Amino acid sequence: MPPPNRLAVVVLAAGFGKRFRSASTPKVLHPAAGEPLIGHVLRAAVGLEGLDRLVVVVGHGRDRVVEVVRARRPDAVFAEQLVPRGTGDAVAAAGDALRDFDGQVLVLSGDSPLITSRTLAALVDKHRNSGATVTLLTALMEDPTGYGRIIRSPDGLQGGIRIVEQADASPDEAAVQEISTGFWCFEREPLFDALAKVTTDNAQGEYYLPDVVPLLAADGARVETLLGDRSEILGVNDRKQLAEAARILRARKLDELMAAGVTIEDPAVTYVDMGVEVGPDTLIRPLTFLEGSTRIGSDCTIGPSARLVDSDVDDGAEVSFAVLKSAEVGPGAQVGPFSSLRAGTRLRARAKAGSFVEMKSTTVGEGSKVPHLSYMGDAEIGDGVNIGAGSITCNYDGEAGIKSKTRIGNRVLLGSDTMLVAPVVVHEDAITGAGSVVTKDVEPATVVVGAPARPIRKRKARAGDH
Ligand code: UD1
Ligand code: CA
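It should be emphasised that the depicted structure is a prediction, and the values quoted were computed from it without experimental measurement.

## A closer look at the overall build of the protein chain
1) Next: Check the secondary structure of the protein chain and you find 8 helices and 42 strands.
2) Next: Computed over its C-alpha atoms, the radius of gyration of the protein chain comes to 30 Å, more than 25% above the 23 Å expected for a compact globule of 466 residues.
3) Next: On the principal axes, the C-alpha backbone points of the protein chain span a range of 100 × 45 × 45 Å.
4) Next: Counting across all 466 residues of the protein chain, residues that qualify as buried make up 50%.
5) Next: Within the protein chain, contacts between residues at least 6 apart in sequence are counted, and of these 42% link residues at least 24 apart.
6) Next: When the 52 positive and 61 negative side-chain charges of the protein chain are each reduced to one mean point, those points stand 6 Å apart.

Here it is in C-alpha cells:
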C-alpha cells in the first residue's frame, strides 16, 4: 500500500545566524518587504494542499520567533533545539512532534523567503509520483558560493548523490554549480532513522541534514531531485543577501500590482510591503513607500515622495510629499505637499491637509481645509471648515502635563494664526480674527478677536447663506 498523502511541514528556525551579526534580532525575524523572513516561508507553506501539521524548530531567540509564528499560524507546533548543532540536529528536534505522523515531511529553511507554494507543491508531487524516500530541490547557480554542492556519481546512477558543504568542499567540488536549496521532501520514518546515524565529522563539527542522503541511498532508498528555479532559492545568511531578497520580493509585489491595474511610474524607486493593497487605476509616483497594512483605493495618486505606514486612503485621494502613520484619508481628499499625519488622523471626504501641516488624533470633516502651516492635535473639526494659515491647537498643558481636546463646529472660519487653547469649543459658524488666542468657548455664529479672544459681533450671512 502506498504511504498516505498527508503532509507535515518542518520549518528550521533555530540557528544562530552568525553571519548576520545581529545583536538583537534572530535572523529569521529580520524583515524583507515588510514581513519577517520566516513569514514568507510560512506563507509558501500555508498554500500547500493537504497540509496536516506545521512544526517550527526554534532555539535562538525562541520566544520572539514563537510570537511571530503564532501571530501568522495559530495552529503551528513548536519543537525546541536547545543548542544549534546543525540542520540535521534541528530536524531531529522535530521528531517528537511527528512521532504519530504518517506521511511526507517537507523540510523548509526559515531563512529562504523567495520560495513559492507552486515549487513546494511540485517537489511534493515529484516525491510522491516517483515513490522516493527523499526528494531534494536543487538549483543551478552561476555563483554557488555558500551552498551545499550536489555531487553526482560519475555513472549518474540513481541514488549516487552526496551533498558537500562549502566548508568541506575540495576545489573541484566547489566548482559544481548545482546546489542543494535547503528544501526537502522525506518519508518520515526513514528520515528519522537516518538522522540518528548522522555524525559531526566535518569542517564545522555540525550535524548536517544533507548527510542523510548517502545514508538513505546506502540502505537502497530511492533518492530524487527536482531542479528548481534559481530565483526562488536565495538563502539569507547575511545583510547583503537580506537586501537582495527584499529587492526581489518587492519586485514581485510591484509586478502583481501592475498586473492588477495599478500604474507604477518607476518600479526601481517604489517600495511596497507584501501586506499592502492598492486599487486599480491608482497612480504610484516615484519615491513612494507603502508599508505595513496600508490600503489604497482606486483612482488615487500617491507620491511623489510619500511614506504611508498602516494607513488607509480612499478612492480618488491624492497624497504627495507626505508622511502618514495610522492615518485615514477619505475619498477625494488631498494631502501635502509636506504634511505629517500621525496616528488617529482622519480626513473625511474631500478634506485637505496642505503644506507644513501636522496632525495627530484629529478628525477633519467633509470638505474642510487645513491648508497651511498648522498643528491640529486631539481635535474634532466639523464639515466645511477653513483653518487659517498658521493656526494651531494648544492641546498640551506643559505645566500640568495633560492633553486636552478642541472641537470646531461646522462652517467655522479660523483667521490666520489663531491659537486654540484646549480644552475649548468653537461652535458652528463662528469666526476668529487673525492672531486670536481663544481661551474660552466661542458661541455659534459669533466673531471673536484678540488675546484673549472676545466676541465683537455676530457673523454676517454670506451671499447664498440662508
Ligand atoms: C544550508 C545547507 C546547504 C544549503 C543551504 C541552502 C546544511 C548543513 N546546509 O546551509 O546545503 O545549500 O542551506 O540555503 O543543511 N538551523 C537550525 N538549527 C541549526 C542550524 C540551522 O534551526 O542548528 C536553521 C537556520 O535557522 C536556518 C536553516 O536552518 O533557517 C539553515 O541553516 P543555515 O545555517 O543558514 O545553513 P546554510 O549554511 O545556509
Ligand atoms: Ca542559510
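So that's the structure; there's more coming.
## Digging into the coordination of the calcium ion (ligand 2)
1) Next: Protein coordination at the calcium ion (ligand 2): the donors are Asp111 (OD) and Asn237 (OD1), at 2.2 to 2.4 Å from the metal. Here aspartate 111, found in the loop between β6 (104-109) and α4 (117-130), pairs with asparagine 237, found in the loop between β11 (223-227) and α8 (239-259); they are 126 residues apart in sequence, far enough to count as distant. Side by side, aspartate 111 and asparagine 237 carry an identical accessibility label, which is buried.

## Concerning the environment of proline 84
1) Next: Inspection of the secondary structure puts proline 84 in the loop between β5 (77-80) and α3 (87-93).
2) Next: Expressed as a C-alpha distance, the spacing of proline 84 and alanine 139, which sit 55 residues apart in the sequence, is 26 Å.
3) Next: Once you skip the residues sitting within four places of it in the chain, proline 84 turns out to touch Ala14, Gly15 and Phe16.

## Quick word on the environment of glycine 450
1) Next: For glycine 450, the location among the structural elements is in the loop between β41 (446-449) and β42 (454-458).
2) Next: Taking C-alpha positions, glycine 450 is 4.7 Å from serine 436, a pair spaced 14 residues apart along the chain.
3) Next: With residues up to four places along the chain from it excluded, the contact list for glycine 450 reads Gly435, Ser436 and Val437.

## Some points on the pairing of strand β7 (residues 134-140)
1) Next: Most of β7 is tucked away: 6 of the 7 residues are buried.
2) Next: In terms of strand pairing, β7 meets β11 through 5 bridges, oriented parallel. Note on β11: the bridge partner recorded for leucine 137 is leucine 226.

## Some remarks on the site of ligand 1
1) Next: Of all residues adjacent to ligand 1, which total 24 residues, the nearest are Gln81, Gly86, Thr87, Glu165 and Ser180.
2) Next: Arginine 19 places a side-chain nitrogen or oxygen 3.1 Å from an oxygen atom of ligand 1.
3) Next: Note that an oxygen atom of ligand 1 is positioned 2.7 Å from one of the backbone N or O atoms of glycine 86.
4) Next: In terms of residue count, the dominant contributor to the shell around ligand 1 is strand β10 (residues 178-187) (3 residues).
5) Next: Across the shell around ligand 1, the residue classes tally to 8 nonpolar, 11 polar and 5 charged.

## Considerations on the side chain of lysine 253
1) Next: With respect to the secondary-structure elements, lysine 253 resides in helix α8.
2) Next: It is glutamate 256 that comes nearest to the buried, bridge-free lysine 253 among opposite-charge side chains, at 4.3 Å.
3) Next: If near-sequence neighbours (up to four positions away) are discounted, lysine 253 is found in contact with Val272, Asp273, Met274 and Val276.

## Here we look at the pattern of salt bridges
1) Next: This model, assessed by the stated rule, comprises 25 salt bridges.
2) Next: With a shortest N-O distance of 2.8 Å, aspartate 52 and arginine 6 are connected by a salt bridge. In this pair, aspartate 52 sits in strand β4 (residues 51-58) while arginine 6 sits in the segment before β1 (7-13), placing the two residues 46 residues apart along the sequence.
3) Next: For arginine 6, a relative accessible area of 30% translates into the label partly exposed.
4) Next: One salt-bridge network, held together by shared partners, links Arg62, Asp63 and Glu80.

## Quick look at the pairing of β6
Note on strand geometry: in a regular strand, side chains alternate between the two faces of the sheet.
1) Next: Taken across its 6 residues, β6 has 6 buried, putting it largely inside the fold.
2) Next: Neither face of β6 is left uncovered, since the one carrying Gln104, Leu106 and Leu108 and the one carrying Val105, Val107 and Ser109 both have all their residues buried.
3) Next: In this structure, β1 lies alongside β6, joined through 6 bridges in parallel fashion. Opposite alanine 8, over in β6, you have valine 105 as the bridge partner.

## A few points about α8
1) Next: Compared with an ideal rise of 1.5 Å per residue, which puts 21 residues at 30 Å, α8 spans 30 Å between its outermost C-alpha atoms and is within 8% of the ideal.
2) Next: Looking only at α8, the buried set comprises Gln241, Leu242, Ala245, Ala246, Leu249, Lys253, Leu254 and Leu257.
3) Next: Buried positions along α8 lie against β2 (31-32), α1 (37-46), β12 (263-264), β13 (270-272) and β14 (277-278).
4) Next: In this structure aspartate 238 caps α8, since a side-chain oxygen of it lies 3.2 Å from the backbone nitrogen of lysine 240.
5) Next: Of the residues trailing α8, glycine 261 is marked for its positive phi of about 100°.

About the cut-offs
- Residues numbered from 1 in each chain as written.
- Chains lettered and ligands numbered in written order.
- Predicted model: local features only at pLDDT ≥ 70, side-chain atom pairs only at ≥ 80, totals over all residues.
- Heavy atoms only, no water.
- Helix = DSSP H or I, 4+ residues; strand = E, 2+ residues; numbered from the N terminus.
- Rg over C-alpha atoms; globule rule 2.2 N^0.38 Å.
- Buried < 20%, exposed > 50% of the residue type's maximum accessible area, 1.4 Å probe, protein only.
- Contact = heavy atoms within 4.5 Å.
- Lys, Arg positive; Asp, Glu negative; His and termini not counted.
- Charge placed at Lys NZ, Arg CZ, Asp CG, Glu CD.
- Donors = N, O, S within 2.8 Å, 3.2 Å for Na, K, Ca; no water.
- Pairing = 2+ DSSP bridges.
- Near = heavy atom within 4 Å.
- Polar contact = N/O pair within 3.5 Å; in protein donor to acceptor, adjacent residues only side chain to side chain.
- Nonpolar A, V, L, I, M, F, W, Y, C, P; charged D, E, K, R; others polar.
- Salt bridge = Lys/Arg side-chain N within 4 Å of Asp/Glu carboxyl O.
- Expected span 1.5 Å × (residues − 1).

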